[in-house]
Amino acid sequence: MNAASPIDLHMHTTRSDGRLTPSELVRLVAAQGIGIAAITDHDSTEGLDEAFAEAARHPGLHLVPGIEISADHPLDQGDLHVLGYFLDYHDAAFQTQLRAFRDGRLDRAKLMVEKLGELGVPVEWERVKEIAADASVGRPHIAQAMVERGYIGNTREAFDGYLQDGGKAHISRPHLSLGESVKLIKSVGGVAVLAHPLYAKEYQELLPRLAGLGVAGMEVHYAEFNPVQRIGLARLADRHGLLPCGGSDYHALGLPGENLPGSAGPPAEVFHKLEDLAR
Ligand code: AMP
Ligand code: FE
Ligand code: FE
Ligand code: ZN
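*Asks:* I'd like a description of the nonpolar core, backed by residues and values.
*Replies:* Counting residues in hydrophobic clusters, the biggest one holds 46 residues, and the most contacted among them are F94, L178, L210 and M218. With sequence-adjacent residues up to four places away left out, L210 is seen in contact with L178, L194, V215 and L242. M112, V113, V137 and L163 belong to the second largest nonpolar core, which has 21 residues in total.

Shown next, in the form of structure tokens:
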């Protein structure tokens, strides 16, 4: 399952928690020989103009405008990530909503930083903002500040001890419901796909509801899922009328064993069905 795939529908840039700029990511993706790629930053499309400008220099690459939105779980089980593709992302109302998401992220990140201070592992809010720079701020930026202070060896340990859902320093923030998030994606001509379903709590109960909420697919060919998991998910996708999508979820963190662009993705016929649904 590790063979390079010519399609990758899940990647991040410095406009969220990835470490490559949109241009750098597009150049890497083109150099890897990937034919179809989607950039899916968390609650932001700010990297897409730059990415498309770079993609214009790589005629072999079809870049898809995407996003990964955090939404409330319909069964009240924390948050979910929903991917949107083929977005007419310059839409003003859409951008207003995305700015509201990012403002909520800032408030919540600040509260988590306060909590870390109370827990005796202080990081500077100014430093977290510097690390995030022009990104949609998220827990990985706080984790990086904790690593810099030497509290932990790597960002994963920050999640394990403090930042993961339910962790000592975790604070949740308000989201749109899943149905509202799907509507938002559709309002700009997009199609919605559930990201990494195995990370959603109660996913067996969740999946049968997705099609009814307007979700077109779910990730099956997800780099972090093993072959047995993918076979199970493919069966569930088929049963619940969902297209089996996927990608690497590349963040360029440089960690050992990180899944690289093109390490997973759907077959071409699935991509074309997704494209047809967006029309
Ligand atoms: P946030 O957007 O602030 O909710 O942070 C979520 C992001 O943190 C995800 O998109 C992942 O990139 C990363 N993440 C989530 N859980 C973990 C974890 N256990 N270890 C490392 N990174 C994680
Ligand atoms: Fe992320
Ligand atoms: Fe995600
Ligand atoms: Zn992602």
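*Asks:* Can you tell me about the packing of aromatic side chains, naming the residues and giving the values?
*Replies:* Overall, the coordinates contain six aromatic pairs when judged by the stated rule. When the ring of F52 is compared with that of Y89, the centres are 6.5 Å apart and the planes differ by 15 degrees; the resulting orientation is stacked. Of this pair, F52 sits in helix 2 (residues 48-55) while Y89 sits in the loop between strand 4 (79-85) and helix 3 (92-118), and the two are 37 residues apart along the sequence. Using a relative accessible area of 8% as the deciding quantity, one classes Y89 as buried.

*Asks:* Can you tell me about the coordination of the zinc ion (ligand 4), naming the residues and giving the values?
*Replies:* The protein atoms that coordinate the zinc ion (ligand 4) are H10 (NE2), H12 (NE2), E68 (OE) and D249 (OD), at distances spanning 2.1 to 2.3 Å. Around the zinc ion (ligand 4) sit four donor atoms; with metal-centred angles ranging over 80 to 168 degrees, the donor geometry is irregular. Ordering the donors of the zinc ion (ligand 4) by residue number gives the pattern H-x1-H-x55-E-x180-D. Separating the zinc ion (ligand 4) from the iron ion (ligand 2) is a distance of 4.5 Å. On the criterion of sequence distance, the pair formed by H12 in the loop between strand 1 (7-8) and helix 1 (22-31) and E68 in strand 3 (residues 62-72) is long-range, its members being 56 residues apart.

*Asks:* Please set out the pairing of strand 3 residue by residue, giving values where relevant.
*Replies:* Across the 11 residues that make up strand 3, a large majority, nine, are buried. One ladder, built from four bridges, connects strand 2 (residues 36-39) with strand 3; its direction is parallel. Counted as the bridge partner of A38 is V64 from strand 3. One ladder, built from seven bridges, connects strand 3 with strand 4; its direction is antiparallel. Following the sheet pairing, E68 is matched in strand 4 by L83. Where strand 3 hands over to strand 4, the hairpin turn is made up of six residues, of which D76 adopts a positive phi near 60 degrees. When strand 3 meets strand 5 (residues 176-177), the two strands line up parallel, connected through two bridges. By the bridge assignment, A71 is partnered in strand 5 with L176.

Here is what the cut-offs are and how they apply
Residues numbered from 1 in each chain as written. Chains lettered and ligands numbered in written order. Predicted model: local features only at pLDDT ≥ 70, side-chain atom pairs only at ≥ 80, totals over all residues. Heavy atoms only, no water. Core = buried A, V, L, I, M, F, W, Y, C linked by side-chain atoms within 4.5 Å. Buried < 20%, exposed > 50% of the residue type's maximum accessible area, 1.4 Å probe, protein only. Contact = heavy atoms within 4.5 Å. Phe/Tyr/Trp six-rings, centres within 6.5 Å; stacked < 30°, edge-to-face > 60°. Helix = DSSP H or I, 4+ residues; strand = E, 2+ residues; numbered from the N terminus. Donors = N, O, S within 2.8 Å, 3.2 Å for Na, K, Ca; no water. Tetrahedral: all angles 85-135°; square planar, octahedral: opposite > 155°, others 65-115°. Pairing = 2+ DSSP bridges.

The quantities given are spatial measurements derived from coordinates; they are silent on function.
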